[in-house]
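Structural overview for review
Chain residues, written in single-letter form:
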Amino acid sequence: MPTNYGATFRSFEALVEECRSTPAQSKLKQLVPSVGSFHTPLPLEAAFALYDQKYHISQRRHVTPSFNEIRHILNLAQVMALSKSLRMVTFDGDQTLYDDGGNFSADSILCVLLCKVNVLAGSSHSGWH
């Protein structure tokens, strides 16, 4: 059993990779029968390390990672996996990339990766009811 967050994400990464290579027999599919297909490897350990550099999750003693933090790490892993081959990406900005009405800094890893993309399209639902 993993003893720290990095090892935990390394275990999840191995489960995803096993599911990609043998989906029907994978342990992940047995544990979560509704899990979908993984089309890319997910560098979860590297994504956690990068996220931890900024937010210091591993330094906490009594507060576990929140659902949103885990979701951010999974999203970061997906962006990292696609960063070399991605040609177009679209986002709904508010609440997906940044807090409602906010923005992200120019030195964020997401901004650095997005700057490498050939085409970037954004969508906004401002004013919808």
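My aim in this report is to walk through the structure given alongside it, one point at a time. Keep in mind that this is a model prediction, so the values were computed, not measured.

Overview of the nonpolar core
Grouped together as the largest cluster of nonpolar side chains are 15 residues, with contacts concentrated most on Leu-28, Leu-44 and Ile-73. Mapped by element, the contributors of at least two residues to this core are helix H1 (5-21), helix H3 (44-55) and helix H4 (67-82). What Leu-44 contacts, discounting residues up to four positions off in sequence, is Phe-9, Phe-12, Glu-13, Val-16, Ile-73, Leu-74 and Ala-77.

Overview of H4
Its 16 residues place the ends of H4 23 Å apart at the C-alpha level, agreeing with the 22 Å of an ideal helix rising 1.5 Å per residue. What H4 keeps buried is the set Glu-69, Ile-73, Leu-76 and Ala-77. All buried residues of H4 lie within an arc of 105° about the axis, which places them on one face of the element. Those residues of H4 that are buried are in contact with H1, H3 and helix H5 (109-114).

Some words on the packing of H1 against H3
Where H1 contacts H3, the two axes come as close as 7 Å, and the packing angle between them is 150°. The angle between the axes of H1 and H3 places the two elements in the roughly antiparallel class. The element H1 and its partner H3 pack so that their crossing is right-handed. Residues Tyr-5, Gly-6, Phe-9, Arg-10, Phe-12, Glu-13 and Val-16 of H1 form the contact with H3, whose participating residues are Leu-44, Glu-45 and Phe-48. Among the residues forming the contact of H1 with H3, the class breakdown is six nonpolar, one polar and three charged.

Quick look at unusual backbone geometry
Although it is not a glycine, His-56 sits at a positive phi angle of roughly 55°. In this fold, His-56 is placed in the loop between H3 and H4. The class of His-56 is partly exposed, set by a relative accessible area of 44%.

So, how was this worked out
- Residues numbered from 1 in each chain as written.
- Predicted model: local features only at pLDDT ≥ 70, side-chain atom pairs only at ≥ 80, totals over all residues.
- Heavy atoms only, no water.
- Core = buried A, V, L, I, M, F, W, Y, C linked by side-chain atoms within 4.5 Å.
- Buried < 20%, exposed > 50% of the residue type's maximum accessible area, 1.4 Å probe, protein only.
- Helix = DSSP H or I, 4+ residues; strand = E, 2+ residues; numbered from the N terminus.
- Contact = heavy atoms within 4.5 Å.
- Expected span 1.5 Å × (residues − 1).
- Arc of directions from axis to C-beta.
- Axes fitted to C-alpha atoms, helices over the stretch in contact; angles between N-to-C directions.
- Parallel < 35°, antiparallel > 145°, perpendicular 65-115°, else oblique.
- Left-handed = near helix turned anticlockwise from the far one by under 90°.
- Nonpolar A, V, L, I, M, F, W, Y, C, P; charged D, E, K, R; others polar.

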